[in-house]
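Structural overview
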Amino acid sequence: EQEDREPRLVPYVSHAADITDMPHLRIGEGLPGEAAAEKRVIHAKNVPDDYMITVNFGIAEALPREIVLFPVLYREEVLGVMLLAGVSPFRTGDVALLEYITNQIAVVLENALTHEQVERLSVTDSLTDAYNRRYMTERLNEEFSKAQRYEAQMSVVLIDVDHFKRVNDDFGHQVGDQALIRLTAAFKQSLRQSDILGRYGGEEFIIMLPHTSCSEASAVAEKLRQTVEQIVVSGMGDRRLSISLGVASFPEQRTESVDQLVQMADTALYEAKATGRNRVVVATG
């Protein structure tokens, strides 16, 4: 796992051992970190009394007599470390068998991770890592159907980067790409976990806010507008970005479909751009 961009080993799952108090270890730190750093099996036959592992039998706990640590490797990449502790010595051949099993686990993990990555790539924009338009269209339809069925609130915010063509013309497309990446990161940091951000095309973004009223969505949009004004993009010097935003909400705006709701947000966005840009406009009707 990554913490502050530094790889760490984080306790993830256990059997007959409590992992809640186990530390997060840097690569090379402690026996698990050593096994990961050196990519080799470590068989410790003399476990210190203050070691972090105790074996739970349900009615009692005991310190392990031996521990074996297996780095989980796939194509020389460390995916994790498997630690086994026993209150009695491991039998002859146990370690070799367990090492073989660990290698098979590594293959299964890599396949699962690859599948997850492929699934994610199919629904996200390759530049910004925001959801792509196809995925957003599907989710918008799903959430709108739920909102209609349960008479719940739902809001949509459309965002357009002001004068973005000038950014590309004045500073180049690489700087323009960095600007979009910085914007996306700022959006994600400002939004709630339940909100869904997508890149709708070019410099246009869309945000779906489930269970959110028009006034609440407008406040979110204004917060995003102010946040973007503070963003510094490398290569743009003192130039700052700004965005225009259009907000539409169900059921405040009378609409029969999610396409109409998005169109209302788009009309509000157009008004924001036509009346000076760098502002939030809420749809009427």
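The paragraphs below set out a description of the structure included in this document. Owing to the predicted nature of the structure, the values given are computational and were not obtained by experimental measurement.

1. Section: the overall build of the protein
Of regular secondary structure, the protein possesses 7 helices and 13 strands. Expressed as a percentage of its 285 residues, the buried residues of the protein come to 40%. When contacts within the protein are restricted to residue pairs at least 6 apart in sequence, those whose partners lie at least 24 apart make up 60%. Here the protein has roughly 16,500 Å² of accessible surface; of this, 49% comes from carbon and sulfur atoms.

2. Considering a nonpolar patch on the surface
There is a patch of nonpolar side chains on the surface, built from Leu97, Tyr100, Ile101, Ile105 and Leu109 and spanning about 440 Å² of accessible area. Residue position: tyrosine 100 is located in helix H2 (residues 94-123).

3. Some details on the environment of methionine 22
Relative to the helices and strands, methionine 22 is located in the loop between strand S2 (6-9) and strand S3 (25-26). Overall, methionine 22 belongs to the buried group, its relative accessible area being 13%. A sequence separation of 11 residues divides methionine 22 from proline 11, and the C-alpha atoms of the two residues are 6.8 Å apart.

4. What about the sheet that holds strand S7 (residues 66-74)?
Taken together, the 3 strands give an open sheet; going across it, the order is S4-S7-S8, and neighbouring strands pair in antiparallel fashion. In this open sheet, the two edge strands, each paired with only one partner strand, are strand S4 (42-44) and strand S8 (77-86). Going from strand to strand, the sheet's axes swing by 15 degrees on average, the running direction of each strand aside. For S7 and S8, the ladder comprises 9 bridges, and the chain directions are antiparallel. The residue bridging isoleucine 67 from the neighbouring strand is alanine 85, located in S8.

5. A few points about the pairing of strand S11 (residues 204-210)
For a regular strand, side-chain orientation follows a simple rule: the groups alternate between the two sheet faces. Across the 7 residues that make up S11, a large majority, 7, are buried. Burial along S11 is two-sided: Glu204, Ile206, Met208 and Pro210 and Phe205, Ile207 and Leu209, pointing in opposite directions, are all buried. The sheet contact formed by strand S10 (residues 196-201) and S11 spans 5 bridges and is antiparallel. Each residue of the ladder has a partner; that of glycine 198, found in S11, is isoleucine 206. As consecutive antiparallel partners, S10 and S11 are separated by 2 residues, and within that stretch glycine 202 has a phi angle of approximately 60 degrees, a positive value.

6. Some words on unusual backbone geometry
In this structure, the amide linkage connecting phenylalanine 250 to the following residue, proline 251, adopts the cis form with an omega of 5 degrees. Structurally, proline 251 is set in the loop between strand S12 (243-250) and helix H7 (258-274). Phi is positive for aspartate 129, which is not a glycine, with a value near 70 degrees. Structurally, aspartate 129 can be placed in the loop between H2 and helix H3 (133-150). Phi is positive for arginine 277, close to 65 degrees, though the residue is something other than glycine. Judged by relative accessible area, arginine 277 falls into the partly exposed class, the value being 28%.

7. What about the side chain of aspartate 125?
By the element assignment, aspartate 125 lies in the loop between H2 and H3. A relative accessible area of 15% places aspartate 125 in the buried class. A polar contact of 2.7 Å, which involves the side chain of aspartate 125, links it to the side chain of threonine 128. The residues touching aspartate 125, leaving out its near neighbours within four places in the chain, are Ala130, Tyr131, Asn132 and Arg199.

8. Quick look at helix H6 (residues 214-229)
In a regular helix each residue adds 1.5 Å, so 16 residues correspond to 22 Å; H6 covers 23 Å between its end C-alpha atoms and thus fits that length. Within the span of H6, buried status applies to Cys214, Ala217, Val220, Ala221, Leu224, Arg225 and Val228. Taken around the axis of H6, the buried residues stretch over an arc of 140 degrees, which confines them to a single face. In this fold, the buried residues of H6 make contact with strand S9 (154-161), helix H5 (173-190), S11, S12 and strand S13 (280-282).

9. Looking at the packing of helix H4 (residues 164-171) against H5
It is at 7 Å that the axes of H4 and H5 come closest, and there the two elements cross at 135 degrees. When the interaxial angle is binned, H4 and H5 end up oblique. Taking contact as the criterion, the partners of Phe164, Val167, Asn168 and Phe171 in H4 are, on H5, His173, Val175, Gly176, Ala179 and Leu180. Looking at the contact of H4 with H5, its residues break down into 6 nonpolar, 3 polar and no charged.

10. Considerations on the sheet that holds S10
Strand order in the open sheet formed by 5 strands is S10-S11-S9-S12-S13, with mixed pairing between adjacent strands. Here the strands that pair on one side only, and so sit at the sheet edges, are S10 and S13. Strand-to-strand, the axes of this sheet are offset by a mean angle of 20 degrees, without reference to chain direction. Here S12 pairs with S13 via 3 bridges, running parallel. Within S13, the position partnered with valine 247 by the bridge is valine 282. The strands touched by H6 are S9, S11, S12 and S13; relative to S12, the strand with the most contacts, the crossing angle is about 165 degrees.

About the thresholds
Residues numbered from 1 in each chain as written. Predicted model: local features only at pLDDT ≥ 70, side-chain atom pairs only at ≥ 80, totals over all residues. Heavy atoms only, no water. Helix = DSSP H or I, 4+ residues; strand = E, 2+ residues; numbered from the N terminus. Buried < 20%, exposed > 50% of the residue type's maximum accessible area, 1.4 Å probe, protein only. Contact = heavy atoms within 4.5 Å. Areas by Shrake-Rupley, 256 points an atom, 1.4 Å probe, with all protein chains shown as cover. Patch = residues over 30% accessible without salt bridge, like charges linked within 9 Å, V, L, I, M, F, W, Y side chains within 5 Å. Salt bridge = Lys/Arg side-chain N within 4 Å of Asp/Glu carboxyl O. Pairing = 2+ DSSP bridges. Axes fitted to C-alpha atoms, helices over the stretch in contact; angles between N-to-C directions. Polar contact = N/O pair within 3.5 Å; in protein donor to acceptor, adjacent residues only side chain to side chain. Expected span 1.5 Å × (residues − 1). Arc of directions from axis to C-beta. Parallel < 35°, antiparallel > 145°, perpendicular 65-115°, else oblique. Nonpolar A, V, L, I, M, F, W, Y, C, P; charged D, E, K, R; others polar.

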